[in-house]
Every structure is written in structure tokens, then in C-alpha cells.
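As a plain string of letters, each chain reads:
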Amino acid sequence: MYWDKETETMGRDELEALQVQLLQKSIRQAGSSPYYGRIFKEEGITPESITTLDDLGRIPFMTKDLLRDNYPYGLVAVSKEQLVRLHSSSGTTGRPTVIFHTGNDIAEWAGLIARCMYMTGVRASDVFQNMMGYGLFTGGIGFHYGAERLGALVIPAGPGNTQRQIMLMQEFESTVLHIIPSYALHFIKSLQELHIDPRKDLHIRMAFLGAEPHSEEIRQRIEDALGVTAYNSYGLSEMNGPGVAFECTEKDGMHVWEDSYILEVVNPDTLKPVKDGEEGELVFTTLKREGMPILRYRSKDLACVYTEPCACGRTHRKITRIKGRTDDMLIVKGVNMYPVQIEKVLMSIPEVGSNYQIVLDRKDFNDHMTVKVEISGEVFTGEMQQLDHLKKTIIERLRSEILITPKVDLVEPDSLPKSEGKAVRVIDNRHQWG
Ligand code: ADP
Ligand code: ZN
């Protein structure tokens, strides 16, 4: 079912009661895995002993390292006959983690994504061009199944090959795109170079942006350039992939589907819960997964949660845009910052093009930060004076956001490395010799 009004608008008390009931089931299921079987015994945890959401605190946190320690089958809670698919994380921060699914898990996941898409107004009459990577990565296949469930016509384009993407959009009149934000910026540039006006020449009305941190400024650029409404889509392979949290048409935070996941937000140092509106690390528990239930997974992703009911009528709590992972934090000259802060500044300057890179070096025991910024073609070939002025503006705005003065290099369009998957924004050379 992709439009489950009753569950989506359930009162909080009722929703939390449902979560406790599903949590008990999930604990029973998890107990069949070698890892949780052992942990539950050691900690004296039984499904019956968990009677409130506060009792969740008795269960130890799960981390990427613990998943790696129990690789490959240590958390699998069913027989191999019941498993039908595996996926892995992208490996952004080390060896990828692997998650196993049963047929029911895949069906549940597709249902969640269909729910997300329906919420924003996608219908069976839409043509959905899925420009996200297929394969072990969860972004492409996850949405593929969700969109099919909804009955949309799916074009499994995958990323890259911009000319072919445009051809598909034109011939089949695609109305909805799913795309990684950094690739969307390259794609837009290619449209401009080919003198294609998306408003006149294409039929796209909506885009889903996900898989990597991106600023509101990037969303706006994409919306303006393509003439679409863009929605933020959040997920992680450990919790299936996309479909964990998604923006509704209010575009003011992403609803976390709390009938499938319990969300906790904790201080990453003390691991104590933070209050609504305070930034913390998102911690997730699967409530319905059979193949590989995961309890209290520390995502390392930072955001705030809000409990007030949304104007759309849904009661499932909302999280803010993800600021980054705890390990994305850069400490430069003793000052803490996140790459997305730099992006926010750059993308609010119209002369800045579609790509940037942050390079960190250490010379004479000092940190040096260089921000390489692609600028638009006309500006690059324009007057020296204009370039100098632009550079000064960028430096000043960056300084007021990140509190240190970086070196800024203005570079030609297309000169920085591109990626069809998650963008690599930071090159940190500080730990190398020499
Ligand atoms: P990996 O953890 O190796 O990157 P995944 O493919 O599972 O592999 O990626 C999940 C991660 O991607 C999330 O934990 C989060 O850091 C990031 N991510 C996914 N969607 C978004 C989004 N909409 N905004 C910000 N970050 C996102
Ligand atoms: Zn809403």
C-alpha cells in the first residue's frame, strides 16, 4: 500500500504504542542472529522485557565497525533459503557494509518508497527517469521498485551519459527525475551548453535529490535551472537505503517513517538523547526487517528532529537537512567546520559554476585550506578585474561563515574531477609525509 493515511496521520501515543509492539517483534526476530542471540543473553534482554520506548536504551548501539566485525552473516536472522538479495553501502568511509533482505523486506522497502513518492504527488501517469546508480548501491534499485509499485513508468537510466539522458527525457517525456545533487549540477550545465531549455523542451516537473549532503542553495539552483520542484530524500543502506526520511510538499524537513524505524537523536559524545531542535546524531532501529534486523544503528549523520505535527497532516516526526557525518567535520587551524557550510556560501554566488573542491595541506606545521571553485564560462574569460573582485567576495563570505581565511582558486568550468556517484569534495593531504 502506498497511501496509508491512517498510519501516516496516527496520533503520537498510538504511533508510539505501535512502535513498542513492533519493537518486541523485531527483538524476537533479531535474537535468531548469532550476534544478537549472544548480546541479548549477555544483557538479559527478551522481547517481553521491553515494554516502553525508554527500554530501548538497554540495547547496545550498533556501529559500522560492529557490522564489519560481524561480516558477512553474523547479523542474519533467517536461513539462507529465505534471503533473496544483498546490498552494500557505498563505502564512503571505509569497507562497505553488507545488508541482506528477504522477499518481504524488499516488498516493505518498495512500499516505503512508493509512499514517499506518492506523498509528493507522483502518480501512475508519471514517467520516472531514475538517474541514480544501479547495482550494489541502494539508491537506484530502491527507487526503481518503489516507482514500479506506484505504477509509474520507470526508465532505469542510471547515472551518466548525459546525451542519452536528454534523449530519453525528450522521447518519453519524463516528468520525474531521481538524481544525485552533484550530478544534477553537471547535467544542468550540459543542458545549457546544448541550448536546451528544460521549461520549453522537456516535461520534467519534479526531482528527487538524495544520497549526499547538499545545501538549500543547491536545491534552489536545481529548481531554478530545471523549472521543477525538488524534494530531499534521505536513507542509508543499513536501514535499506532511500525511503527512511523524505520531504512532503511543505518542503520543511523530512518525515521519518516511524512505523518502520525508531529514530533516536543523541549527542555523539555523551550518547544521551538531545532535545527537539538540538543537533545530534541520528540513530535508527528497524521495526519490520526480517533478514537482518538492526537495532540502534549510529548513522553518524547529524540533524535536528521536530515533533510538532506537520501542516500536511502527517504525524511522523521530521528531521532537518543533514549537515554531514560526524567524520566529515574538518578541523582547520583549530576551527571546526563542515564542507556543506562552504557549499552554502559558494552556491549562493551566481558567478560560481557547478563544482568545487576543498584541499587541505600542512606546511611548516600550519594548516592551509584552498577552495578551488569552478566559475561560469563567461566570467572566466571575462575581465581580470571582475575575476579579482569575485575572488575577494568569495573569500570574504567564506571567512564570515567558517571563521578562517582560505585561499581561493578560481578555475575553468569542467576542470575539477566529476563523479557520477557521491561527490568527493575534500582532499586532505595533511597526513601525508613531505
Ligand atoms: P555510505 O555510508 O558508504 O556512504 P550509503 O550508500 O548507505 O553508503 O549512504 C548513506 C549515507 O549517505 C547516509 O548515511 C548519509 O550520510 C548520506 N545521505 C543519504 N541521503 C542523504 C541526504 N538526502 N542528505 C544528506 N546525506 C545523505
Ligand atoms: Zn509533512
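As shown above, the structure is provided for reference.
Below or above, wherever it landed, is the structure these notes cover.

Cut-off values and rules
- Residues numbered from 1 in each chain as written.
- Chains lettered and ligands numbered in written order.
- Predicted model: local features only at pLDDT ≥ 70, side-chain atom pairs only at ≥ 80, totals over all residues.
- Heavy atoms only, no water.
- Donors = N, O, S within 2.8 Å, 3.2 Å for Na, K, Ca; no water.
- Tetrahedral: all angles 85-135°; square planar, octahedral: opposite > 155°, others 65-115°.
- Helix = DSSP H or I, 4+ residues; strand = E, 2+ residues; numbered from the N terminus.
- Near = heavy atom within 4 Å.
- Polar contact = N/O pair within 3.5 Å; in protein donor to acceptor, adjacent residues only side chain to side chain.
- Areas by Shrake-Rupley, 256 points an atom, 1.4 Å probe, with all protein chains shown as cover.
- Nonpolar A, V, L, I, M, F, W, Y, C, P; charged D, E, K, R; others polar.
- Buried < 20%, exposed > 50% of the residue type's maximum accessible area, 1.4 Å probe, protein only.
- Pairing = 2+ DSSP bridges.
- Axes fitted to C-alpha atoms, helices over the stretch in contact; angles between N-to-C directions.
- Parallel < 35°, antiparallel > 145°, perpendicular 65-115°, else oblique.
- Contact = heavy atoms within 4.5 Å.

1. Observations regarding the coordination of the zinc ion (ligand 2)
Move 1: Around the zinc ion (ligand 2), the protein contributes the donor atoms C248 (SG), H255 (NE2), C310 (SG) and C312 (SG), at 2.1 to 2.3 Å from the metal centre.
Move 2: One can describe the donor arrangement at the zinc ion (ligand 2) as tetrahedral, given that its 4 donor atoms subtend angles of 105 to 119 degrees at the metal.
Move 3: Coordination of the zinc ion (ligand 2) draws on donor residues from a single chain, spaced C-x6-H-x54-C-x1-C in sequence. With C248 in the loop between β8 (241-247) and β9 (254-256) and C310 in the loop between β13 (305-306) and β14 (318-319), this pair connects stretches of sequence that are 62 residues apart.

2. Structural notes on the site of ligand 1
Move 1: If you check the shell around ligand 1, you find 20 residues, and the closest are G91, T92, S233, D301 and R325.
Move 2: Between ligand 1 and S233, the relevant distance is 2.7 Å, taken from a nitrogen atom to a main-chain nitrogen or oxygen of the residue.
Move 3: Here ligand 1, which alone exposes 560 Å², has 97% of that area covered by the protein.
Move 4: Of the residues contributing to the shell around ligand 1, the split by class is 6 nonpolar, 9 polar and 5 charged.

3. Thoughts on the pairing of strand β5 (residues 176-179)
Move 1: Residue alternation in β5 divides its side chains into two sets, V176 and H178 and L177 and I179, and both sets are buried.
Move 2: Across 3 bridges, strand β3 (residues 127-130) lies against β5 in parallel orientation. Each residue of the ladder has a partner; that of F128, found in β5, is V176.
Move 3: In terms of strand pairing, β5 meets strand β6 (residues 206-210) through 4 bridges, oriented parallel. Bridge pairing in β6 links V176 to M206.

4. Re the packing of helix α7 (residues 162-172) against helix α8 (residues 181-193)
Move 1: Interaxial distance between α7 and α8 falls to 10 Å at its minimum, and their mutual angle equals 75 degrees. The pairing of α7 with α8 is recorded here as roughly perpendicular in orientation. Together, T162, Q165, I166 and M169 of α7 and Y183, F187, S190 and L191 of α8 make up the contact between the two elements.
Move 2: Taken together, the residues of the contact of α7 with α8 break down into 5 nonpolar, 3 polar and no charged.

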